[in-house]
Amino acid sequence: MTLQLLLDCADPSAWRSWLPTGLFHGVTTNPTLLGRAGQPCTLPHLEGLADQALQMGAKEVHLQTWGDDPDAATARGLAMARIDPVRVLVKVPVTREGAETARRLIAEGVAVTFTACFEVHQVLIAAALGARYIAPYLGRISDGGRDGHATLVAMQRCLTGIDSSTRLLVASLRTPEDLSLLAAAGIDTFTLGPDLAAALFSSEATALAAAQFERDALG
């Protein structure tokens, strides 16, 4: 496995800013991010957003389905997958209803990302159903008074122990150190918001060195 970063954002202007850097494999969205970005959570609008991201070079676009029951959520998920059967993945909360939705989507050949993961044992649901990813919320786990880093390492050990192809897609990172600590523990797939992406490049020493290089190049 190689390091894989996804931009956790539903704002196309941020996609235009960050995708050209080559740092990000793709983008992830959900209804909450859509609301924050002022984007309607409708299938026609999501199709347009996905097309924009794919045209900007995203190799994956994660769109989250919704519905009062698995029938409705599955129907929307299938519609999302038809946007691009290879590069569009459908996100589903890791609930009992979400598991039924995921089972149906996976049976139709749709790649699924389980989301809103908080417990170690929940990764086994994703592994049992054959989901491509499951997204634990590091920061929110820590906010609940638990050791978020240790919890995610335990999740990764479960997946490694059963030789599962399901990957952790770590969300809700707060600092570059979160990324570094988990990467050192063998976790390799993360979602980052634009602010955290910018923080990866925040180094006064590097900025000073780069400025010196420019001055020296000009004589």
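Here's a quick rundown of the structure. (Residues numbered from 1 in each chain as written. Predicted model: local features only at pLDDT ≥ 70, side-chain atom pairs only at ≥ 80, totals over all residues. Heavy atoms only, no water.)

**What about the environment of Ala14?**
Tracing the sequence through the fold places Ala14 in helix H1 (residues 12-18). Judged by its relative accessible area of 11%, Ala14 falls in the buried class. In sequence terms Ala14 and Thr113 are 99 residues apart; their C-alpha atoms lie 22 Å from each other. Sequence-distant contacts of Ala14, that is, excluding residues within four places in its chain, are made with Leu7, Cys9 and Pro194. (Helix = DSSP H or I, 4+ residues; strand = E, 2+ residues; numbered from the N terminus. Buried < 20%, exposed > 50% of the residue type's maximum accessible area, 1.4 Å probe, protein only. Contact = heavy atoms within 4.5 Å.)

**Side note on the pattern of salt bridges**
Oppositely charged side chains can form a pair if their charged atoms are brought close together. Within the structure shown, the criterion is met by seven salt bridges. Here Arg167 and Asp188 are joined by a salt bridge, their closest N and O atoms 3.3 Å apart. Placement of the pair is Arg167 in strand S7 (residues 167-168) and Asp188 in the loop between helix H9 (176-184) and strand S8 (189-192), with a sequence separation of 21 residues. For the residue pair Arg167 and Asp188, the accessibility class agrees, reading buried in each case. A network of salt bridges, in which partner residues are shared, links Asp71, Glu100 and Arg104. (Salt bridge = Lys/Arg side-chain N within 4 Å of Asp/Glu carboxyl O.)

**Here's the deal with the nonpolar core**
In terms of nonpolar packing, the biggest core is built from 53 residues, with Val170 and Phe190 touching the most fellow members. Of the residues forming this core, the biggest block, five residues, is contributed by helix H3 (residues 43-55). Apart from the residues lying within four places of it in its own chain, the contact partners of Phe190 are Leu3, Gln4, Leu5, Leu6, Leu169, Val170, Leu173, Leu179, Leu182 and Ala183. Core analysis: the next-biggest nonpolar cluster, separate from the first, contains six residues, Leu89, Ala111, Ala135 and Leu169 among them. (Core = buried A, V, L, I, M, F, W, Y, C linked by side-chain atoms within 4.5 Å.)

**Description of the sheet that holds strand S2 (residues 26-28)**
The strands making up a sheet associate through backbone hydrogen bonding, with each pair oriented either parallel or antiparallel. Taken in spatial order, the eight strands line up as S7-S6-S5-S4-S3-S2-S1-S8 in an open sheet, and their pairing is parallel. Across the chains shown, the open sheet's two edge strands, defined by having one partner strand only, are S7 and S8. Examined bridge by bridge, strand S1 (residues 4-8) and S8 share four bridges and lie parallel to one another. Bridge assignment links Leu6 to a residue of S8, and that residue is Thr191. (Pairing = 2+ DSSP bridges.)

**Thoughts on the packing of helix H6 (residues 122-129) against helix H8 (residues 148-161)**
Look at H6 against H8: their axes get within 9 Å of each other, and the N-to-C directions meet at 30 degrees. Here H6 lies roughly parallel to H8, going by the angle between them. The chirality of how H6 crosses H8 is right-handed. Taking contact as the criterion, the partners of Val123, Leu124 and Ala127 in H6 are, on H8, Met155, Cys158 and Leu159. Tallied by class, the residues present in the contact of H6 with H8 amount to six nonpolar, no polar and no charged. (Axes fitted to C-alpha atoms, helices over the stretch in contact; angles between N-to-C directions. Parallel < 35°, antiparallel > 145°, perpendicular 65-115°, else oblique. Left-handed = near helix turned anticlockwise from the far one by under 90°. Nonpolar A, V, L, I, M, F, W, Y, C, P; charged D, E, K, R; others polar.)

Purely spatial values, then, with no claim about function.
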